[in-house]
Amino acid sequence: MQARSPFGYRGDMNPRIGVIGAGHFGRFHTLKLKGRGLSGLHDPNPSRAALVASEAGTEALALDALIDRSDAVIVAAPTSHHFALASRALEAGRHVLVEKPIVATLEEADALIALAARKGLVLMVGQIERHSAAIRTLRAECAGRRLRALEAVRVAPFRPRSLDVSVVLDLMIHDLDLVLALTGAELAGVEAVGGRAVSEQTDWAVAHLLLTDGTRATVTASRLAVGLERRLRALGPEGELRVDFLARTLDFVAPGGAQPMEQLPGWGVTSRSWVEHDSLEAEHDAFRAAIAGAHPYEADGRAGRAALDAALRVEAALSVRA
């Protein structure tokens with residue numbers, strides 16, 4: 001494999017991107033890249049690789065051949081393989097977008113971040129929520145506000161995938177990342193309760209977080225629900241913000257709100273909504289922009305490490321309680 005300069009090739013914004021992994025998320029990445037610089041696909045299962053490659057109109061390649069043909073790669077393999085595959089691509093001089101969680105351990109995260117920095121390459125983590133219209137609207141609304149307490153709920157019906165990791169690393173990590181991003185604070189303490197039900201991993205969990213700025217957050221995740229539910233409540237001295245991500249509604253109760261509240265003189269409700277866009281396509285666009293030199297960029301290696309650290313601390317708290 002030949003090392004390649006990190007910037008300045010193929011018009012900067014049109015890198016050749018290969019996908020490693022043809023599972024659930026790997027297939028989505030591959031199909032989304034169809035006609036947009038897709039260089040090929042690799043998966044250790046030849047029949048699965050051939051099927052997804054055929055859908056996307058590309059080739060199923062050996063790993064080294066895929067890396068050699070690509071300017072950048074997306075790692076969408078099981079978490080236990082993230083470090084080996086991402087480091088292999090970085091060593092070869094390729095930019096990397098690795099699905100969340102970034103890797104399996106903090107030691108691996110530190111090594112991967114250091115390698116990307118040493119090579120001068122982009123290391124982005126697939127925290128796809130950061131690229132959604134909902135989170136962009138929420139972050140704009142929260143800018144400059146003092147958040148002192150947050151409550152996030154993310155539950156879904158059981159699906160027989162992503163069972164190689166717990167619900168903390170599968171679902172809760174999105175809201176852990178969101179809490180850290182909204183507050184700009186670090187995690188100071190964790191208490192958690194949870195348990196197994198239908199898999200060998202934790203299937204539901206509730207975490208109580210204390211942040212370094214004094215903010216507290218309660219985060220609930222479950223893959224045992226009857227239906228989907230995604231909500232966030234944030235409270236502070238300026239008022240209360242409620243978000244229903246499925247209904248695409250954001251309501252902020254505060255002094256001077258647009259819709260006066262009879263029972264609370266001087267206060268009112270300001271409502272927002274958003275038009276959802278293709279978050280995966282937005283993530284890919286952000287990856288291309290980072291390769292072209294746009295910095296800082298969303299969900300870099302350090303953000304991915306912080307989310308992993310929070311998730312592992314929640315899991316450790318669960319173990320202590322057990």
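Residues numbered from 1 in each chain as written. Predicted model: local features only at pLDDT ≥ 70, side-chain atom pairs only at ≥ 80, totals over all residues. Heavy atoms only, no water.

### A short note on unusual backbone geometry
Here is the rule: Helix and strand assignments follow DSSP, with helices taken as H or I runs no shorter than four residues and strands as E runs no shorter than two, numbered in order from the N terminus. Each residue's exposure class comes from its accessible area (1.4 Å probe, protein chains only) as a fraction of the maximum for that residue type: buried when under 20%, exposed when over 50%, partly exposed otherwise.
Cis rather than trans, the peptide bond between Lys 100 and Pro 101 has omega equal to -10°. Of note, the amide linkage connecting His 295 to Pro 296 takes the cis form, showing an omega dihedral of -5°. Tracing the chain through its elements places Pro 296 in the loop between helix 8 (279–291) and helix 9 (301–321). Positive phi outside glycine occurs at Arg 248, with the angle close to 60°. A relative accessible area of 36% means that Arg 248 is categorised as partly exposed. The phi dihedral of Ala 299 is positive, around 55°, even though this residue is not glycine. Within the secondary structure, Ala 299 is located in the loop between helix 8 and helix 9.

### Observations concerning the pairing of strand 1 (residues 17–20)
Applicable threshold: Should DSSP find at least two bridges between two strands, the strands are taken to pair. Every crossover in which the path from the first strand over the helix to the second runs clockwise, viewed with the strands pointing away from the viewer, is termed right-handed.
Burial along strand 1 is two-sided: Ile 17 and Val 19 and Gly 18 and Ile 20, pointing in opposite directions, are all buried. By the bridge criterion, 4 bridges tie strand 1 to strand 2 (residues 38–42) in an arrangement that is parallel. Within the sheet, the bridge partner assigned to Gly 18 lies in strand 2 and is Gly 40. Following the backbone out of strand 1, through helix 1 (residues 24–32) and into the adjacent parallel strand 2, one traces a crossover that is right-handed. The sheet contact formed by strand 1 and strand 3 (residues 72–75) spans 4 bridges and is parallel. Of the residues in strand 3, the one forming a bridge with Val 19 is Ile 74.

### Looking at the side chain of Lys 100
Defined as follows: Here a polar contact is recorded for every N or O atom pair within 3.5 Å, except that within protein the pair must consist of a potential hydrogen donor and a potential acceptor, and residues adjacent in sequence are included only if both atoms are side-chain atoms. Whether two residues are in contact is decided by their heavy atoms: any pair within 4.5 Å suffices.
Positionally, Lys 100 belongs in the loop between strand 4 (95–99) and helix 5 (106–119). Looking at Lys 100, its side chain comes within polar contact range of the main-chain oxygen of Asp 170, at 2.4 Å. Here Lys 100 is in contact with His 82, Val 125, Gly 126, Gln 127, Leu 169, Asp 170, Ile 173 and His 174, once residues within four sequence places are set aside.

### Regarding the sheet that holds strand 5 (residues 123–126)
Sheet strands pair via backbone hydrogen bonds, and the direction of the pair is either parallel or antiparallel. So the rule is basically this: Working convention: axes come from line fits to C-alpha atoms, limited for helices to the stretch in contact. Angles between N-to-C directions cover 0 to 180 degrees.
On the basis of which strands lie adjacent, the open sheet formed by 5 strands has the order 2-1-3-4-5 and parallel pairing. Of all the strands in the sheet, the pair left with one neighbour each is strand 2 and strand 5. Neighbour-to-neighbour, the strand axes of this sheet turn through a mean angle of 20°, independent of strand direction. Examined bridge by bridge, strand 3 and strand 4 share 4 bridges and lie parallel to one another. Bridge pairing in strand 4 links Ala 72 to His 95. Running over the sheet, helix 4 (residues 82–91) touches strand 1, strand 3 and strand 4 and is turned about 165° from strand 4.

### With respect to the environment of Gly 18
Looking at the secondary structure, you find Gly 18 in strand 1. Given a relative accessible area of 0%, Gly 18 falls into the buried group. Residues Gly 18 and Gly 40, 22 residues apart in the sequence, show an inter-C-alpha distance of 5.0 Å.

### Considering the sheet that holds strand 10 (residues 229–236)
Ordered in space as 7-8-9-6-10-11-12-14-13, the 9 strands form an open sheet in which the pairing is mixed. A strand with exactly one partner marks an edge of an open sheet, and here the two such strands are strand 7 (187–195) and strand 13 (259–260). The pairing of strand 10 with strand 11 (residues 239–244) spans 6 bridges and is classified as antiparallel. Note that in strand 11 the partner of Leu 235 across the bridge is Glu 240. Here helix 7 (residues 167–183) sits on the sheet in contact with strand 6 (149–155), strand 7, strand 8 (204–211), strand 9 (216–222) and strand 10, set at roughly 155° to strand 9.

### Focus on the pattern of salt bridges
Condition: One speaks of a salt bridge when a side-chain nitrogen belonging to Lys or Arg is within 4 Å of a carboxyl oxygen belonging to Asp or Glu.
Going through the model one piece at a time under the given rule, you end up with 26 salt bridges. The residue Arg 139 makes a salt bridge to Glu 298 at a minimum N-O spacing of 2.9 Å. Taken together, the positions of Arg 139 in helix 6 (residues 133–142) and Glu 298 in the loop between helix 8 and helix 9 put the pair 159 residues apart, joining distant regions of the chain. Here Asp 175 makes a salt bridge to Arg 154, at a shortest N to O gap of 3.1 Å. Highlighted residues: Asp 175 in helix 7 and Arg 154 in strand 6, separated in sequence by 21 residues. In this structure, a network of salt bridges that share partners links the residues Lys 100, Asp 170, Asp 203 and Arg 223.

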